Amino acid sequence: MPRLSGRRAQDRMVVQVSADVQSDAAHQPAVVADISRHGCRVSGFGGRVTVGAPVTLRPAGLEAVTAWVRWTEGRDVGLEFARPLTAPAFDYLAQRHGVSVEFPGLAA
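For clarity, every value in this text was computed on a predicted model and none was experimentally measured.

Participant: I would appreciate a short explanation of the overall build of the protein chain in the present structure.
Facilitator: Of regular secondary structure, the protein chain possesses 1 helix and 7 strands. Beginning at the N terminus, the succession of helices and strands in the protein chain can be written as β-β-β-β-β-β-β-α. Taking all 108 residues of the protein chain together, the buried fraction comes to 38%. Long-range contacts, defined here as pairs at least 24 residues apart, represent 51% of the contacts in the protein chain between residues at least 6 apart. Of the roughly 6,600 Å² of accessible surface on the protein chain, 48% is carried by carbon and sulfur atoms.

Participant: Looking at this structure, how should I read the environment of Arg 70?
Facilitator: Mapped onto the elements, Arg 70 comes out in strand E6 (residues 65-73). On the basis of relative accessibility, which here comes to 41%, the residue Arg 70 falls in the partly exposed class. For Arg 70, the residues in contact, after removing those within four places along its chain, are Val 51, Gly 52, Gly 78 and Glu 80. Polar contacts involving the side chain of Arg 70 include one to the side chain of Glu 80, which spans 2.6 Å.

Participant: What's the story with the nonpolar core in this structure? I'm lost.
Facilitator: Note on soluble globular proteins: their nonpolar side chains tend to be buried together. In terms of nonpolar packing, the biggest core is built from 26 residues, with Val 32, Ile 35, Val 42, Leu 57 and Leu 79 touching the most fellow members. When residues of this core are traced back to their parent elements, those giving at least two are strand E2 (12-22), strand E3 (27-35), strand E4 (39-43), strand E5 (54-59), E6, strand E7 (76-81) and helix H1 (87-97). In terms of residue count, E2 provides more of this core than any other element does, 5 residues in total. Apart from residues no more than four positions distant in its own chain, Val 32 is found in contact with Val 15, Gln 16, Val 17, Ala 19, Cys 40, Arg 41, Val 42 and Leu 57.

Participant: Teacher, can you tell me more about the pattern of salt bridges here?
Facilitator: Pairing between side chains of opposite charge can happen when the charged atoms of each approach one another. Enumeration over the complete set of coordinates arrives at 3 salt bridges. Salt-bridge contacts for Asp 34 lead to Arg 41; the nearest nitrogen and oxygen are separated by 3.0 Å. You can call Arg 41 partly exposed: its relative accessible area is 23%. Measuring nitrogen to oxygen at the nearest pair gives 2.6 Å for the salt bridge that ties Arg 70 to Glu 80. Taken together, the residues Arg 70 in strand E6 and Glu 80 in strand E7 connect sequence positions 10 residues apart. A relative accessible area of 37% means that Glu 80 is categorised as partly exposed. Through salt bridges that share partners, Asp 34, Arg 41 and Asp 76 make up one connected network.

Conventions we followed
- Residues numbered from 1 in each chain as written.
- Predicted model: local features only at pLDDT ≥ 70, side-chain atom pairs only at ≥ 80, totals over all residues.
- Heavy atoms only, no water.
- Helix = DSSP H or I, 4+ residues; strand = E, 2+ residues; numbered from the N terminus.
- Buried < 20%, exposed > 50% of the residue type's maximum accessible area, 1.4 Å probe, protein only.
- Contact = heavy atoms within 4.5 Å.
- Areas by Shrake-Rupley, 256 points an atom, 1.4 Å probe, with all protein chains shown as cover.
- Polar contact = N/O pair within 3.5 Å; in protein donor to acceptor, adjacent residues only side chain to side chain.
- Core = buried A, V, L, I, M, F, W, Y, C linked by side-chain atoms within 4.5 Å.
- Salt bridge = Lys/Arg side-chain N within 4 Å of Asp/Glu carboxyl O.

Shown next as structure tokens:
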């Protein structure tokens, strides 16, 4: 599964996980697009919350996770979890919902 890196403290796994996101301002379905044990990027919820706002994230197959909005960009939101995901919870999401990315012209 592809890993994303950059300015973050931990690598993130590319995933596609249905989730419900609830804040004081809104409650709606969204998609977790990448995740680490410490946070994630959620697509489809941006514009409805402000940086610093607390949210509750309910990824499919897992219990609710409390998080804070750290950034917003269009319809994407970056979340930092109040407590890191457990290793088994992270592994479950990565194995069950990880996305394979193919790069044209590269041999496997």
